[in-house]
Amino acid sequence: MRVHQECLPCFRRQCLIALDLGGINGGEGARMVEEALGEIREADLAKSPAHATTRMHRALRRLMGRDPFREVKGRYNEKALALYGGLRERVAGSGDPLHTAARLAIAGNVIDFGIYTSIDVEGTVGRALGEPLAVDHTGAFRRAVERAGDVLYLLDNAGEAAFDRLLIEELRALGKEVTAVAKASPVINDCTAEDARQVGLEGVCRVVDNGSDSVGTILETTSPAFRELFARAGLVISKGQGNFETLLEEEREVFFLFQSKCAVVSRVLGLPQGSMLLAGNRS
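Residues numbered from 1 in each chain as written. Predicted model: local features only at pLDDT ≥ 70, side-chain atom pairs only at ≥ 80, totals over all residues. Heavy atoms only, no water.

1. What to know about the pattern of salt bridges
Cut-off, in case you're wondering: Note on definitions: salt bridges are taken to be side-chain nitrogens of Lys or Arg within 4 Å of carboxyl oxygens of Asp or Glu. Here a helix means four or more residues in a row that DSSP labels H or I, a strand means two or more in a row labelled E, and each is numbered from the N terminus. A 1.4 Å probe rolled over the protein chains alone gives each residue an accessible area, and that area as a share of the maximum for its type sets the label: buried under 20%, exposed over 50%, partly exposed in between.
Under the definition given, this model contains 18 salt bridges. Among the salt bridges present, the one from Arg-62 reaches Glu-35, with a minimum N-O distance of 3.3 Å. Within this pair, whereas Arg-62 is found in helix 3 (residues 49-64), its partner Glu-35 is found in helix 2 (residues 26-42), the two being separated by 27 residues in sequence. Assessed through its relative accessible area of 34%, Glu-35 is described here as partly exposed. Between Glu-202 and Arg-197 there is a salt bridge whose closest N-O contact spans 3.8 Å. Owing to a relative accessible area of 43%, Glu-202 belongs among the partly exposed residues under this scheme. Salt bridges linked by common partners bring Arg-88, Arg-165, Glu-169 and Glu-170 together as one network.

And the structure:
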């Protein structure tokens with residue numbers, strides 16, 4: 001993945017979403033947008049869009065002096081937790097709990113305020129359970145789960161992590177040791193250790209951070225401890241489009257669970273925008 005020209009309006013839109021959530025507008029907002037987008041000009045556009053937006057969002061947090069997504073993350077942690085009990089019953093009552101939980105984890109990927117300003121969580125759940133996945137490597141995924149003794153689970157967004165909890169619980173029920181990985185500090189509405197605690201993940205599995213505030217998982221910015229976990233894990237499950245962008249070309253096997261939310265990623269995949277995927281990079 002690399003930056004395409006269609007990414008540039010999206011970068012600006014991400015700035016505006018952050019400023020709106022932070023209550024900043026007018027001349028002050030215009031100045032911040034100009035300075036944050038200046039970081040894009042300094043980025044290596046031959047790398048993934050996540051490399052560029054990491055610089056941009058660092059600048060926005062510095063200019064604003066706070067995390068503009070903190071409040072919305074808290075609201076969606078609560079909203080997702082309110083749905084959790086009913087979703088847990090649907091998983092338990094299904095004929096294939098692992099597959100159902102995986103589909104619901106993909107549905108949770110719609111909770112992304114870096115891209116969307118309004119979200120239909122319940123509608124997306126219905127679509128995830130009722131429609132075929134655009135890419136469905138469930139067979140390979142199930143075999144990889146069976147082989148693995150331990151699983152490294154790369155979280156994506158706050159709120160979404162409550163949906164990830166469903167899949168992590170199924171992995172634990174199969175006897176797998178699971179380590180869920182959050183961001184070390186805020187970036188967009190990505191899940192931090194604090195968000196993981198709010199949705200109850202610490203009571204289900206080990207939770208660590210990756211030592212980074214990057215969008216996606218840019219390995220060179222992560223901690224040595226995380227890179228060792230990534231290299232040695234029996235199975236890596238990667239949530240979200242940012243993680244897909246940054247890990248797609250890694251040599252080790254990774255299973256990506258996400259929705260293709262932007263036109264560029266969808267075109268690279270050869271799929272309609274909004275497609276849901278359970279895709280292995282070696283499948």
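Structure shown, so let's carry the discussion forward.
2. Regarding the side chain of Thr-100
The line we're drawing: Throughout, a contact is declared for two residues whenever any of their heavy atoms are within 4.5 Å.
Summarising the element assignment, Thr-100 is placed in helix 5 (residues 97-108). Look past the residues within four positions of Thr-100 in its chain and what remains in contact with it is Arg-90, Val-91, Ser-94 and Leu-129.

3. A look at the nonpolar core
As a reminder of what qualifies: Throughout, nonpolar core names a set of buried Ala, Val, Leu, Ile, Met, Phe, Trp, Tyr and Cys residues whose side chains join them through atoms within 4.5 Å.
Tyr-153, Leu-167, Leu-171, Leu-201 and Leu-257 are the most contacted members of the largest nonpolar core, which totals 96 residues. Excluding residues within four positions of it along the chain, Tyr-153 makes contact with Ala-105, Asp-164, Leu-167, Ile-168, Leu-171, Val-178, Thr-179, Ala-180, Val-181, Ile-237 and Lys-239.

4. Brief notes about the environment of Gln-273
The condition is simple: The term polar contact refers here to a pair of N or O atoms within 3.5 Å; inside protein, the definition further demands a hydrogen-donor-capable atom paired with an acceptor-capable atom, and it admits residues adjacent in sequence only when both atoms are side-chain atoms.
For Gln-273, the location among the structural elements is in the loop between helix 12 (263-269) and strand 7 (276-280). Measuring from C-alpha to C-alpha, the distance between Gln-273 and Ala-263 comes to 6.0 Å, with 10 residues separating the pair along the chain. Of the polar contacts made by the side chain of Gln-273, one reaches the backbone oxygen of Lys-261; its length is 2.9 Å.

5. A closer look at helix 5
What counts, and what does not: A helix is expected to span 1.5 Å for every residue after the first.
An ideal rise of 1.5 Å per residue puts 16 Å on 12 residues; helix 5 measures up with 16 Å between its terminal C-alpha atoms. Turning to helix 5, its buried residues number three or more, namely Leu-98, His-99, Thr-100, Ala-101, Ala-102, Arg-103, Leu-104, Ala-105, Ile-106, Ala-107 and Gly-108.

6. Section: a negative patch on the surface
What counts, and what does not: A patch consists of residues whose relative accessible area exceeds 30% and which take part in no salt bridge; residues with like charges are grouped when within 9 Å of each other, and nonpolar side chains (Val, Leu, Ile, Met, Phe, Trp, Tyr) when within 5 Å. In this description, accessible areas are obtained by the Shrake-Rupley approach with a 1.4 Å probe, and a residue is regarded as covered only by the protein chains that are shown. A residue counts as positive if it is Lys or Arg and as negative if it is Asp or Glu; His and the chain ends are not included. Charged side chains are reduced to one point each, which is NZ for Lys, CZ for Arg, CG for Asp and CD for Glu.
On the surface, a cluster of negative charge is contributed by Glu-220, Glu-249, Glu-250 and Glu-251. The residue Glu-251 is located in the loop between helix 11 (241-247) and strand 6 (255-259) in this model. Take Glu-251: its relative accessible area is 69%, and that puts it in the exposed class.

7. Here we look at the packing of aromatic side chains
The following threshold applies: Pairs were defined over the aromatic rings of Phe, Tyr and Trp, the Trp ring being its six-membered one, requiring ring centres within 6.5 Å. Orientation was assigned from the angle between planes: stacked under 30 degrees, edge-to-face over 60, tilted for the rest. Think of it as a cone above the ring: NZ of Lys or CZ of Arg counts as a charge over the ring if it is within 6 Å of the ring centre and within 35 degrees of the ring normal.
Considering all chains together, one arrives at 4 aromatic pairs under this definition. Ring centres of Phe-226 and Phe-230 lie 6.1 Å apart, and the angle between their planes is 40°; this geometry places the pair in the tilted category. Of this pair, Phe-226 and Phe-230 are both found in helix 10 (residues 224-232), 4 residues apart, which corresponds to roughly one turn of the helix. Exposure remark for Phe-230: the relative accessible area of 5% places this residue in the buried category. Relative to Phe-258, the ring of Phe-244 has its centre 4.7 Å away and its plane inclined at 25°; by these criteria the two rings are stacked. Of this pair, Phe-244 sits in helix 11 while Phe-258 sits in strand 6; the two residues are 14 residues apart in sequence, bridging distant segments of the chain. As far as burial versus exposure is concerned, Phe-244 and Phe-258 are alike and both buried. The structure contains a cluster of three or more aromatic residues connected by ring pairs, namely Phe-244, Phe-256 and Phe-258. The side chain of Arg-165 reaches across the aromatic face of Tyr-84, ending 4.1 Å from its centre. Positioned above the aromatic ring of Phe-230 is the side chain of Arg-252, whose terminal nitrogen or guanidinium carbon lies 5.9 Å from the ring centre.

8. Quick look at the pairing of strand 6
Condition: With the strands pointing away from the viewer, any crossover whose connection runs clockwise from the first strand over the helix to the second is right-handed. The pairing criterion for strands is at least two bridges between them, as found by DSSP.
The buried fraction of strand 6 amounts to 5 of the 5 residues, a majority that puts the element mostly inside the structure. The two faces of strand 6 match: Phe-255, Leu-257 and Gln-259 on one face and Phe-256 and Phe-258 on the other face are all buried. Handedness of the crossover is the feature at issue here: the chain leaves strand 5 (residues 235-239), passes through helix 11, returns alongside strand 6, and the resulting connection is right-handed. Of the pairings in the sheet, the one linking strand 6 to strand 7 comprises 5 bridges and is antiparallel in character.

From the geometry alone we can't say anything about function, so treat these as descriptive.
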